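# Architecture at a glance
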Amino acid sequence: MKRISDLEKKYVLEALENEFATSKNGLFTNRMESKFTEVFQNEFSISHVNGTATMHTALHALGVKEGDEVIVPALTMSSTSLCVLQNGSIPVFADVDRNTFNIDPKSIREKITEKTKAIITVSLYGLSPEYDEIIQICKEFNLFLIEDNAECFLGYYKDKLVGTFGDFSSYSFQASKHISCGEGGMLTTNDVELADVARRFTSLGYAGVSAKQAKITRNDIQDPNYNRHVSVGYNYRMSEVQSAVILGQLERIEELVDVRIEVAKLFDEAILGSGLVTKQYTPDYCVNSYWSYSMVLNTDNPKVDWYRFRDLFQKNGGDGFYAAWKLTYMEPLFLNEIQNYSGVYQKYEKGLCPNSEFLQERMIQLKTNYWDLSEAKIQADILKKTLNEFEQ
């Protein structure tokens, strides 16, 4: 199979043949958003320029204000925190579970203050967090829930689709994701009022857009007395060409996700019996969509062994692998600037989130986007060989 098929190419050519005419602007965006709503079982889908803008929009639409606190996991890509800063709010870091690598509900409880307004969960590497406990916390403390599902498409938690739990759910179409148009994102919700606010925020505050209306028409605005802007907004809109690609990807989404799950099964076989690595634990009530295949090295010396393992894997012909991101609160931006923001009460230093710190320096993520399973089988064999050699 191919990641980009003739279907996506066909749709892109159709979009280009429209020559970006105002009268035809938004045709593919509307089709794509309708398809996304169907697949992901939400009432409203609002496309964005990327999956960071989506969460900024969500925070704004929920009424999270400057100085309000938003709880985020320490172990994830920094966009989950940067969107909070974009909103003028304060990210508060919660620790993760050492087995699932996802945000720990017990740590969430410990971080709640009178300023806490929302929680952003991350379905890390394709696996959902413990939604039952998190939703109970949200109800107990009257908090909003935003799902960051950038790495989780068609994942499940207790037979319910990931993306159907939060007030908003966010997805990314960045190049490495399950479905992609190079960049882009989607925000979903079931609340029409939230969707209306979110749409205007993504579209320069235009009066003529709404939950289901992504574009304003020429007839709408060609009036000298027309009031265009009714609220503050950004230009976070997705282009027609991007929408055309994602429409094609959505029509193939099951096969695009399934191939990653099949690759993960090959890696499962490769590490069987090895004591050197432990994979991300997936509870039997979850379906992991495997954005990547994630493991931790069982080692007391990660500063040496992580690099030794990587070098041996590559020497044996391995494609290489991802390291975990540096924990967001240990990034220079947070240490040197954000730490001094008014209202920040956490001290950004070692020991803030012990589980995240333990995992981060030991983590290995193998890519799963092999569109030819024979290539993945070769990589799985290399992984097994590397494990055997490293343990000798």
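Our subject is the structure listed above.
No experiment lies behind these values; they were computed from the predicted model shown.

Here is what the cut-offs are and how they apply
- One numbering rule holds for all chains: residues counted from 1, following each sequence as written.
- Where totals are concerned, whole chains, interfaces and linings use all residues; where local detail is concerned, this predicted model gives features only for residues with pLDDT of at least 70, and gives and counts side-chain atom pairs only at 80 or more.
- Excluding hydrogens and water, the side-chain figures rest on all heavy atoms present in the structure.
- Angles run from 0 to 180 degrees between N-to-C directions of axes, and those axes are lines fitted to C-alpha atoms, restricted for helices to the stretch in contact.
- To qualify as a helix, a DSSP run of H or I must reach at least 4 residues; to qualify as a strand, a run of E must reach at least 2; elements of each kind are numbered from the N terminus.
- Throughout this description, any angle smaller than 35 degrees is read as roughly parallel, any larger than 145 degrees as roughly antiparallel, any in the 65 to 115 degree range as roughly perpendicular, and the remainder as oblique.
- Left-handed describes a crossing whose near helix is turned anticlockwise from the far helix by less than a right angle; the clockwise case is right-handed.
- Any two residues having at least one pair of non-hydrogen atoms within 4.5 Å are treated as being in contact.
- Residue type decides the class: Asp, Glu, Lys and Arg count as charged, Ala, Val, Leu, Ile, Met, Phe, Trp, Tyr, Cys and Pro as nonpolar, and the leftover types, Gly among them, as polar.
- Residue types Ala, Val, Leu, Ile, Met, Phe, Trp, Tyr and Cys, when buried and joined through side-chain atoms within 4.5 Å, form a set referred to as a nonpolar core.
- Buried, partly exposed and exposed residues are distinguished by accessible area as a fraction of the type maximum, computed with a 1.4 Å probe on protein chains only: under 20%, between the cut-offs, and over 50%, respectively.
- One requirement defines pairing of two strands: DSSP has to find at least two bridges between them.

## Considerations on the packing of helix 1 (residues 6-17) against helix 9 (residues 240-250)
- Relative to each other, helix 1 and helix 9 sit at 150°, their axes nearing to 8 Å. Regarding the angle of helix 1 to helix 9, the classification is roughly antiparallel. For the element pair helix 1 and helix 9, the recorded crossing hand is right-handed. In this structure, helix 1 contributes Leu7, Glu8, Tyr11, Val12, Ala15 and Leu16 to the contact, and helix 9 contributes Glu240, Val241, Ala244, Val245, Leu247, Gly248 and Gln249.
- Tallied by class, the residues present in the contact of helix 1 with helix 9 amount to nine nonpolar, two polar and two charged.

## Focus: the nonpolar core
- If you look at the biggest cluster of nonpolar residues, it comprises 56 residues, and the most contacted ones within it are Leu75, Ile108, Ile119 and Phe168.
- Residues contacting Ile119, with those up to four places away along its chain left out, are Ile71, Ile108, Ile134, Ile137, Cys138, Leu143, Phe144, Leu145 and Ile146.
- Listed in part, the 27 residues of the second largest apolar core include Leu154, Val245, Leu247 and Trp371.

## Some details on the sheet that holds strand 7 (residues 160-161)
- In space, the three strands of this open sheet follow the order 7-6-11, with antiparallel pairing throughout. For this open sheet the edge positions go to strand 7 and strand 11 (286-287), each flanked by a neighbour on one side alone.
- Here strand 6 (residues 156-157) runs beside strand 7; their pairing, made up of two bridges, is antiparallel. Bridging across to strand 7, Tyr157 finds its partner in Lys160.

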